[in-house]
Amino acid sequence: MLVARIEAGERADVLILSRAGIDSLLKHGKVLSGSDVTLAGSGVAIAVKAGAPKCDISTAEALKQTLLKAKSIAYSEPSAGGASGVYFAKLLERMGIAEQMKLKTKYPPPGGFSAELLLTGEAELAVQQKPELLHVSGVEIVGFLPGDLNLVTEFAAAIMGSSKNAAIGKALIESLRSPEAAAVFWSKGLDPR
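Residues numbered from 1 in each chain as written. Predicted model: local features only at pLDDT ≥ 70, side-chain atom pairs only at ≥ 80, totals over all residues. Heavy atoms only, no water.

*Asks:* How should I be thinking about the overall build of the protein chain in this particular structure?
*Replies:* Across its full length, the protein chain holds nine helices and eight strands. Over its C-alpha atoms the protein chain spans a radius of gyration of 18 Å, differing by no more than 12% from the 16 Å that the globule rule assigns to 193 residues. Its C-alpha atoms put the protein chain at 55 × 35 × 30 Å along the principal axes. When each of the 193 residues of the protein chain is scored for burial, the buried share is 42%. Restricting the contact set of the protein chain to residue pairs at least 6 apart, pairs at least 24 apart contribute 72%. As displayed, the protein chain offers around 10100 Å² of accessible surface, 57% of which is attributable to carbon and sulfur atoms. Averaging the locations of the 21 positively and 20 negatively charged side chains of the protein chain gives two centres separated by 1 Å. (Helix = DSSP H or I, 4+ residues; strand = E, 2+ residues; numbered from the N terminus. Rg over C-alpha atoms; globule rule 2.2 N^0.38 Å. Buried < 20%, exposed > 50% of the residue type's maximum accessible area, 1.4 Å probe, protein only. Contact = heavy atoms within 4.5 Å. Areas by Shrake-Rupley, 256 points an atom, 1.4 Å probe, with all protein chains shown as cover. Lys, Arg positive; Asp, Glu negative; His and termini not counted. Charge placed at Lys NZ, Arg CZ, Asp CG, Glu CD.)

Here it is, written out as structure tokens:
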């Protein structure tokens, strides 16, 4: 959504987006060449309501069986464009269980958190990027999707090509690469790069 807004003419000094979003804007000349830096990465994880039994997602087969046994799951609506929702829908297809999962899948509102559906009882398992799961109190992270089934989304910052405050923007980006910022990233479920 942010890439579309920028391509439509919205302006900012500093952009913080997925690496794919920054790369797309670089190709279209919307980002100051050489100003982009990767800040952190975020993997896709599964959460349960606090106190609920933690399921086995240690291998691809364990994950598949856990999903098939779950009464309900929640993840971002793929058509909304969120990285984890798009990826997870494709993963269900790849695992050969997309049809079985359709009737037990719940979606949060656009821009919402799948873990909120754990609290309402609408979902037994929530799938989203770890920071988004951690944003909802009252849930516990089971773990990341196992092995090569996990998708790590990298987040990057860059100066917009039309910035009138490029020097200040560069200082902001540098502060986001400091040890203090890295500690905050860790505490919020992001892996600093």
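Additional details are given in the paragraphs that follow.
*Asks:* Honestly, the environment of K170 in this entry has me stumped. Any pointers?
*Replies:* Assignment of secondary structure puts K170 in helix α8 (residues 166-175). Spatially, the C-alpha atoms of K170 and S35 are 7.7 Å apart, while their sequence positions differ by 135 residues.

*Asks:* I would appreciate a short explanation of the layout of surface pockets in the present structure.
*Replies:* Space left empty within the atom packing is revealed by a probe, the size of a water molecule, rolled over the atoms. Considering only enclosed or pocket space, the largest pocket measures out at about 1100 Å³ in volume. What lines the largest pocket is a set of 36 residues, and nearest its centre among them are S18, G82, A83, E132 and F155. For the lining of the largest pocket, the secondary structure elements donating two or more residues are α1 (2-7), β1 (14-18), α2 (19-27), β2 (37-49), α4 (83-94), β5 (125-129), α7 (130-134) and β7 (152-159). Ranked by residue count, the leading element in the lining of the largest pocket is β7, at four residues. Here the lining of the largest pocket is built from residues that sort into 20 nonpolar, eleven polar and five charged. (1 Å grid on protein atoms, 1.4 Å probe; cavity = no way out; pocket = protein on both sides within 12 Å on 5 of 7 lines; lining within 4 Å. Points joined across faces, edges and corners; volume = space filled by probe spheres on them. Nonpolar A, V, L, I, M, F, W, Y, C, P; charged D, E, K, R; others polar.)

*Asks:* Could you clarify how one ought to interpret the nonpolar core in this entry?
*Replies:* One finds L63, L67, I73, F88, L125 and L145 to be the most contacted residues of the largest nonpolar core, which totals 22 residues. Among the elements that line this core, the one with the most residues is α4, at five residues. When sequence neighbours within four positions are dropped, the list of residues in contact with F88 reads L67, I73, Y75, V127 and L145. By size, the runner-up hydrophobic cluster in this structure holds twelve residues, among which are A45, A74, A115 and L133. (Core = buried A, V, L, I, M, F, W, Y, C linked by side-chain atoms within 4.5 Å.)

*Asks:* Any chance you could explain the pattern of salt bridges here in plain terms?
*Replies:* It is possible for side chains bearing opposite charge to pair when their charged atoms get close. In the structure shown here, the tally under the stated rule is seven salt bridges. A salt bridge links D23 to R19; the nearest nitrogen and oxygen atoms lie 2.9 Å apart. Taken together, the positions of D23 and R19, both in helix α2 and four residues apart, correspond to about one turn of that helix. Residue D23 is classed as partly exposed on the basis of its relative accessible area of 31%. (Salt bridge = Lys/Arg side-chain N within 4 Å of Asp/Glu carboxyl O.)

*Asks:* So what exactly am I meant to see when it comes to the pairing of β5 here?
*Replies:* Along any regular strand the residues' side chains alternate between the sheet's two faces. Counting buried residues in β5 gives five out of five residues, a clear majority hidden from the surface. By the bridge criterion, four bridges tie β2 to β5 in an arrangement that is antiparallel. Bridge pairing in β5 links I46 to V127. In terms of strand pairing, strand β3 (residues 73-74) meets β5 through two bridges, oriented parallel. Its bridge partner being in β5, A74 is matched across the sheet by A126. (Pairing = 2+ DSSP bridges.)

*Asks:* It is not clear to me how the packing of aromatic side chains should be interpreted in this structure. Could you clarify?
*Replies:* Any pair of aromatic rings gets described here by the distance separating the centres and the angle formed by the planes. Scanning the entire structure with this criterion turns up two aromatic pairs. Judged by centre distance (5.0 Å) and plane angle (70°), the rings of Y75 and F88 are edge-to-face. Linking Y75 in the loop between β3 and α4 with F88 in helix α4, this pair joins segments that are 13 residues apart in sequence. On the accessibility criterion, Y75 (5% relative accessible area) is buried. Residue class for F88 comes out buried when judged on its relative accessible area of 0%. For the pair Y75 and Y107, a centre-to-centre distance of 5.4 Å together with 85° between the ring planes defines the contact as edge-to-face. With a gap of 32 residues between them, Y75 in the loop between β3 and α4 and Y107 in the loop between β4 (105-106) and α6 (116-119) connect regions that are remote in the sequence. Cluster of aromatic residues (ring-pair linked, three or more members): Y75, F88 and Y107. (Phe/Tyr/Trp six-rings, centres within 6.5 Å; stacked < 30°, edge-to-face > 60°.)

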